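# Architecture at a glance
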Amino acid sequence: MPKKPITFVLNGAERAAFADPGQNLLDFLRRGVGDLTPKYGCGQGGCGACTVLLDGEPVLACLTLAEAVEGRRVDTVAGLGGPAPHPLQEAFMAHFAAQCGYCTPGMLMSAKALLDRNPRPTREEVIEAISGNLCRCTGYEPIIAAILSAAASGARP
Amino acid sequence: MALHRGRGFAAVNYPIGMNLGGDPSQALVHANPDGKFTVTLSSIDLGQGMKSVVRQIAAETLGVPVEDVYVDTADSDTGPHCMGSFASRGTHRVGNAVIQAAQEARAILLEAAAEELEVDAADLVTDGEGNIHVRGTPARTITVMAAAQAAQFRQGRTIAGRGIFLIPLSDVDPETGEMTPVSCFAHAAMLVEVEVDDETGEVRVLDMKSAYEVGRALNPKLVEQQLRGGAWMGMSHALWETTEPCYPDRSHRPVDFTHYLMPGPGDLAPHHISILERPAPDGPYGGKGPGEMCANPVLPAVVNAIYDAVGVRIDELPATPEKILRALKAQGGARPKRRL
Amino acid sequence: MSDSMIEFRKDLFADERDDRLTVIGKPVRRQDILGHVTGRSPFFDDHLFEGLLHLRCARSPHHHARIRRIDVTEAERSPGVVRVLTGRDVPCNLNTLLSLLDFGIDDEPVLSGERVRYMGEPVAAVIAESEAAAREGAAKVRVDYEPLPHVLDVEEAIKPGAPVVLDIYPGNRFICHGKYDHQKLRFGDVEAALRTADYVVEGRYQMSPIEQAPIETCGAIAAPETNDRYVCYTSTQALFFSLATTSKVLRLPSSRLHFIGGTVGGGFGGKVDSIHEPLAILGAMLTGRPVKYAWDREEEMQVGGPRGAERWYITDGVMRDGRIVARKFVGYFDSGAYTRLTSYAIMKAVGHLPGPYTIPNVYADVYCVFTNRTPATAMRGFGITGVDFAIEAHMDKVAEVVGMNPIEFRILNSYRDGDMKAHRRIAKNCALIECCQVVAEKAGVALSPEAKRASSRQGGGGERAQLPPRTALDEKGRVEGFAAHGYARKGHRRGAPDTPVRPSPEPAFARTSSALPARDIASKPPSTAGAPPQPAPARAAPSQPPLPSPPSGPAPRAPIRFSSISGLRRR
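Keep in mind it's a predicted model, so treat the numbers as computed, not measured.

On to the overall build of chain C. From N to C terminus, chain C includes 13 helices and 18 strands. Looking at chain C residue by residue over its 571 residues, the buried ones come to 60%. Taking the intrachain contacts of chain C between residues at least 6 apart in sequence as the baseline, contacts between residues at least 24 apart amount to 79%.

Below, the structure written as structure tokens:
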């Protein structure tokens, strides 16, 4: 089957690349487009390491077809922050909310989706927002603290 | 049918390193001409913070700001040998190797500074902010950068150091088990409070109170990362995890995270940590490895708490609802002990 | 809501600590944290290669089976498949991970060709243009299996007549020191002490296998590099372990290997086994293209070595006042189908017994048992977590029997500076009592004045520093046909040991002298402890079938060592 051209907006910039038939968004972003920030953790939709935002909503890139992003907006950690870190990134650094760092990109995108729609979440809302993102290192507590602290800082880029 | 609360306790020690195979690690340290240092290793950072703790150890030993040290690992073309990141050995073994390498580099740095200042190197001290001065005479000073430049372009010195830390292999006696298994021990005690539902068999960890003795908390936040994450893993081992739920039968094996269960962010228990620091005589600045022992006391503390709550002993992990219900049935219902 | 907190008890052991340090003790941010939060930290899979191929293994569906034939023709014809590897393609298709430490007999093929010993064992590796094509190709590898009886339980496995997992270990037990089918710990006379105890408390404890579950699965990418070398990006936890294993298995000098790693998405012990690097590099050698071999999550969970299961039996003798006078262990580590690291785990466990307590009589028989399941490997707490669970669950029961508060019971029996430990070294730098006291205080558990006053730095040594007046020894589990040098060097006989004398880093042995009963050993310095090396009965045990030999190729060279060599072994 022929490859299919996909045009979409990645982190604010228009991009075009070819996708294999049936290729998932994670593989497409990493190998087709060269954005290596979403991570493969299970390919089963079970760990959240590949979480990206599709039109602002968190999706699991491993369970999303590349073709589904045609004409849409995809955001990854590569677009988070600019010359200075995003408040969430700053909070993750300050709270030691990453150890191996492998779940961090997905965790940050789930957190961003939460704060974008709910700038002042409760602890329970934070927990719910990241409950699809597995972390094996931290025991989650520093991650929850970092997200709450970023929300409290109120800074929005 | 009711919820029952119970408390359980456990205490452990943990051996640092793996003497039984012979346990070396090496490190190289060198300065750029502007007085910034690189530590070169082949040790692995798998999240425990190897790069970060070694960076602090090197900065402390060299007497320079931590920002002026960068740790480069692990490229087999440049990094010298290391056994690997396991057995809680990294901080202890690699840290000691880095101290040795940094001491050698520091000595040459001070010789270079001494030549520029026309003093004896033994009279020089570093201020940890990038300066070297004569002890008691802060006015007679040279920056680390100037000393490094002089070493490179005027004196022809290499500001570099090599380090190795080796715990030689300890044999094991076949008859008695006599051996030197480790060089030091970390310690922990843990009290866990649980709530057991005698209708569903579910256990919820409500609270953890711990004390961990780590030699020295070389970086208190890195230590906290290990202890908090490790205790979470211990809770997970106690109540959730196994690849073979019907062990030794191999059926019903999980192949994804919807069947291989771990506590999520909604299952956490507050964890009150106390850190004790009794420096290890042979540890880098007294440090031991906190990375492995942190989970261990949680497993037995949880089953002891279940017994305290409902009076059944769960001697096979994980303590799943099925096991608890079967034990409660055999006992004829919950019999709270409330011993602790 | 969370009221999790952390405190530093700087008041404790303050006199042993110089806290006037500049950088040490400071909460400096992680060097790698900016890379982590920007997604730029370079994990092994974050390296793009043009023309990358993907490797996937065809695996055994049986617990135990003889392989009559492997037919890869259909797989080779599958769309996108570039090459199919079998055991014949692996230059040295038999290894044991700890051969690098002179610790065990080579027992595990990279790709099995004659027999499979666990469900999921790889028999062929399919290299294809895409992951999907590799998966499809792997499904087309046809293997004619003859299923064999299998054994899955450790205690079933050591019964006479049980199916033999590895022919080199006919009793399904690893052979320690060429002499016994288990590792012994003998300290004092446990049976005599149990007879004098006021109470005897028994328990049986079981841990099931546990998956390390790093969020990044285990893998490697290899590619031909300039100057006839191979570069390998790897998730290994031990760079030179993986490099040396590859060097041995592929018979390549390390100078032709360039390993790059160091940034790993969690390990927890599951990334030590060096399984991916050799096959990825072999694939790159045979195709001339970059090859990635990584586990998917299902393989990570069921094919990747877990924390092995352990079963422990503990018998304690305790006095009415709460003093434990005897503790006996029988432990079974489920090694699965191959040795990997379990031979080491049992030694480490034995060195840990009887836990952080001073008990005058301790006995242990600890077995590394082979079964037809996924080989076990390291995990956080390796060799210790399982037995600590058993010990501390047991301590709770014993405390109840003697009617003591569980914390106070630990403090009473805790080891202290100067105490003789069961592995015959003096305890130092202890802090268990203080940990217990701090937790009791925080939890509002009332301790007796004695328990509150207790200290790791006081009350130890003296009589507690003495070796037992006599230690009961035995020949239980004696085997023949295994050489004494190395921990299990079958049929390999060496010359006289040339062990150089090196200074001991641990001069902590109590030098005492006491009468020496005829059969048992008495206290003596470590240099003479234990029996003299037993020469191996030359070529004994004729019933042993030969090892499956690797396919033709140059004779194996001496192992390449990146760690200690047996010539440095010393007591």
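For the bond running from Tyr247 of chain B to Pro248 of chain B, omega is 5°, close enough to zero to count as cis. Summarising the element assignment, Pro248 of chain B is placed in the loop between α4 (220–239) and β11 (271–276). At Asp55 of chain A, a position not held by glycine, the phi torsion is positive, near 50°. If you trace the backbone, Asp55 of chain A turns up in the loop between β3 (51–54) and β4 (57–60). Judged by the 11 C-beta atoms lying within 10 Å of it, Asp55 of chain A falls in the exposed class. If you check the backbone angles, Glu118 of chain B has positive phi at about 55° while not being a glycine.

As a further point, take the interface of chain C and chain B. Counting residues at the interface gives 125 residues for chain C, matched by 116 residues for chain B. At eight residues, the largest contribution of residues to the side of chain C that touches chain B is made by helix α12 (residues 432–443) of chain C. Residues of the side of chain C that touches chain B, tallied by class, amount to 62 nonpolar, 30 polar and 33 charged. As judged from the four bridges shared by β11 of chain B and strand β1 (residues 5–8) of chain C, these two strands associate in the parallel manner. Bridge pairing in β1 of chain C links Ile273 of chain B to Ile6 of chain C.

A separate point is the domain arrangement of chain C. Residues and elements named next belong to chain C. In terms of domains, chain C is made up of domain 1 (53–148 + 212–302) and domain 2 (154–208 + 311–465). Domain 1 and domain 2 are separated by 37 Å when their C-alpha centres are compared. With 21 residues of domain 1 at the contact, the number on the domain 2 side is 21 residues. Of the residues belonging to the side of domain 1 that touches domain 2, the class tally is eight nonpolar, nine polar and four charged.

Chain C puts 26 residues into the contact, and the matching count from chain A is 31 residues. Here the side of chain C that touches chain A gets six residues from one element, more than from any other, and that element is helix α1 (residues 33–38) of chain C. Of the residues that constitute the side of chain C that touches chain A, the class distribution is 10 nonpolar, nine polar and seven charged.

Thresholds applied
- Throughout this description, residue numbers start from 1 for each chain and increase along the sequence as written.
- Whichever chain is written first becomes A and whichever ligand is written first becomes 1, with later ones labelled in order.
- It should be noted that, the model being predicted, local features are given only for residues of pLDDT at least 70 and side-chain atom pairs only at 80 or more, the latter also being counted only at that level, while totals for whole chains, interfaces and linings use all residues.
- Helical segments are the DSSP runs of H or I of at least four residues, strand segments are the runs of E of at least two, and each set is numbered from the N terminus.
- Exposure is read from a count of other C-beta atoms within 10 Å of each residue's own; the residue is exposed at 12 or fewer, buried at 20 or more and partly exposed in between. C-beta atoms are placed from the backbone.
- For every residue pair, C-beta atoms are placed from the backbone, and the pair is scored as a contact if these atoms sit within 7 Å.
- Following the grouping adopted for this structure description, the nonpolar residues are Ala, Val, Leu, Ile, Met, Phe, Trp, Tyr, Cys and Pro, the charged ones are Asp, Glu, Lys and Arg, and the polar ones are all others, Gly among them.
- Only strands that DSSP links by at least two bridges are regarded as paired with each other.
- Where each domain starts and ends follows an automatic or database-derived domain assignment.

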